[in-house]
Amino acid sequence: AQKITQTQPGMFVQEKEAVTLDCTYDTSDQSYGLFWYKQPSSGEMIFLIYQGSYDEQNATEGRYSLNFQKARKSANLVISASQLGDSAMYFCAMREETGGSYIPTFGRGTSLIVHP
Amino acid sequence: GAGVSQSPSNKVTEKGKDVELRCDPISGHTALYWYRQSLGQGLEFLIYFQGNSAPDKSGLPSDRFSAERTGGSVSTLTIQRTQQEDSAVYLCASSPARGTGGQPQHFGDGTRLSIL
């Protein structure tokens, strides 16, 4: 079974609009971390944001926020005020920290295209 | 400071040849990971090092794949008798210790391997 599911292969958004990229996860661990990475066409993986399973507040980093719904096991990334430079692949990842291997598992990614 | 460095950035070789991919992690990072990313896919975990030991080799797809790490630093991923299905981008990442809390993985730019 997939531990990380990203159901949107591709998303389009108008510049300056907000966009939500979906991520659901599957774990029986109580302690885990959720990460989002951005991969532009140049190929490098850029860390965006982190949410710990015990964090009660949603994580925010500039224009990025993570909508964490623990009971639903979802960790959606919200990008506000999209910019052309946000066009990239976005990957959700989970690191299990209790009885897990501490090795992050990645979803298949969502391709985001920002239109001018 | 210097990030994760991978070499070569591109490698084209004939089927059946052996290849070596190199990863130089961030100084002081004891955890090192190898992933494989095929076109349009997410990241497939290959192997994890903590120091020089590899507690998790579960992702290596066949016995043609091997990896080592020396001096707790540089790692080499070797693929013997390459096959066309080995064509992919091979990504290396490092993190402090095994990564806890919000410590993300730091990725190199990858090696794009093409098997003719």
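You'll find the structure just up there.
Residues numbered from 1 in each chain as written. Chains lettered and ligands numbered in written order. Predicted model: local features only at pLDDT ≥ 70, side-chain atom pairs only at ≥ 80, totals over all residues. Heavy atoms only, no water.

Trainee: Would you mind going over the pairing of strand β5 (residues 43-50) of chain B in detail, with residue names and values included?
Mentor: Along any regular strand the residues' side chains alternate between the sheet's two faces. All names here are of chain B. Burial of β5 is extensive: six of the eight residues sit out of reach of the surface. In terms of strand pairing, strand β4 (residues 31-37) meets β5 through seven bridges, oriented antiparallel. Counterpart to Y35 in the pairing with β5 is F45. The turn joining β4 and β5, which pair antiparallel and follow one another in sequence, is formed by five residues; a positive phi near 75 degrees is taken by G40. Here β5 runs beside strand β6 (residues 53-56); their pairing, made up of two bridges, is antiparallel. Paired with Q50 across the two strands is S53, which belongs to β6. (Buried < 20%, exposed > 50% of the residue type's maximum accessible area, 1.4 Å probe, protein only. Helix = DSSP H or I, 4+ residues; strand = E, 2+ residues; numbered from the N terminus. Pairing = 2+ DSSP bridges.)

Trainee: Give me the lowdown on the environment of P55 of chain B, citing residues and values where you can.
Mentor: Positionally, P55 of chain B belongs in strand β6. Residues within four places of P55 of chain B in sequence aside, it is in contact with Y48, F49 and Q50 of chain B. (Contact = heavy atoms within 4.5 Å.)

Trainee: So what about the sheet that holds strand β7 (residues 65-69) of chain B? Which residues, and what values?
Mentor: Residue and element names in this part refer to chain B. Taking strand neighbours across the sheet as the criterion, the four strands line up as β1-β3-β8-β7 in an open arrangement whose pairing is antiparallel. Only two strands of the sheet have a single partner each, and these edge strands are β1 (5-7) and β7. Within the sheet, the average angular offset between the axes of one strand and its neighbour, ignoring direction, is 15 degrees. (Axes fitted to C-alpha atoms, helices over the stretch in contact; angles between N-to-C directions.)

Trainee: Just give me the short version of the packing of aromatic side chains, but keep the residues and values in it.
Mentor: According to the stated counting rule, one finds 13 aromatic pairs over all chains in the structure shown. An angle of 65 degrees between the planes, with centres 5.9 Å apart, marks the rings of Y37 of chain A and F47 of chain A as edge-to-face. In this pair, Y37 of chain A sits in strand β5 (residues 32-39) while F47 of chain A sits in strand β6 (residues 46-52), placing the two residues 10 residues apart along the sequence. You can call Y37 of chain A buried: its relative accessible area is 1%. For the pair Y33 of chain B and Y35 of chain B, a centre-to-centre distance of 6.5 Å together with 25 degrees between the ring planes defines the contact as stacked. According to the relative accessible area criterion, Y33 of chain B is buried, its value standing at 1%. A relative accessible area of 1% means that Y35 of chain B is categorised as buried. By way of ring pairs, the aromatic residues F35, Y37, F47, Y50 and F106 of chain A together with Y33, Y35, F45, Y48 and F107 of chain B are connected into one cluster. For R63 of chain A, the ring lying beneath its charged end belongs to Y64 of chain A, and the centroid distance is 5.7 Å. (Phe/Tyr/Trp six-rings, centres within 6.5 Å; stacked < 30°, edge-to-face > 60°. Lys NZ or Arg CZ within 6 Å of the ring centre and 35° of its normal.)

Trainee: Which residues make up the state of the cysteines, and what values go with them?
Mentor: Within this structure, the stated rule accounts for two disulfides over all chains. The disulfide partner of C23 of chain A is C92 of chain A, and the S-S distance across this bridge is 2.0 Å. Of note, the bridge from C23 of chain A to C92 of chain A carries an S-S torsion of about -65 degrees and is left-handed in sense. Of this pair, C23 of chain A sits in the loop between β3 (19-21) and β4 (24-25) while C92 of chain A sits in strand β10 (residues 88-96), placing them 69 residues apart in sequence. One exposure class covers both C23 of chain A and C92 of chain A, and it is buried. Here C23 of chain B pairs with C92 of chain B through a disulfide, and the sulfurs are 1.9 Å apart. Here the disulfide of C23 of chain B and C92 of chain B is left-handed, its torsion about the S-S bond being about -65 degrees. Here the residue C23 of chain B occupies a position in strand β3 (residues 19-24), and C92 of chain B occupies one in strand β9 (residues 88-95), the gap between them amounting to 69 residues. Considered together, C23 of chain B and C92 of chain B belong to a single accessibility category, that of buried residues. (Disulfide = S-S within 2.5 Å.)

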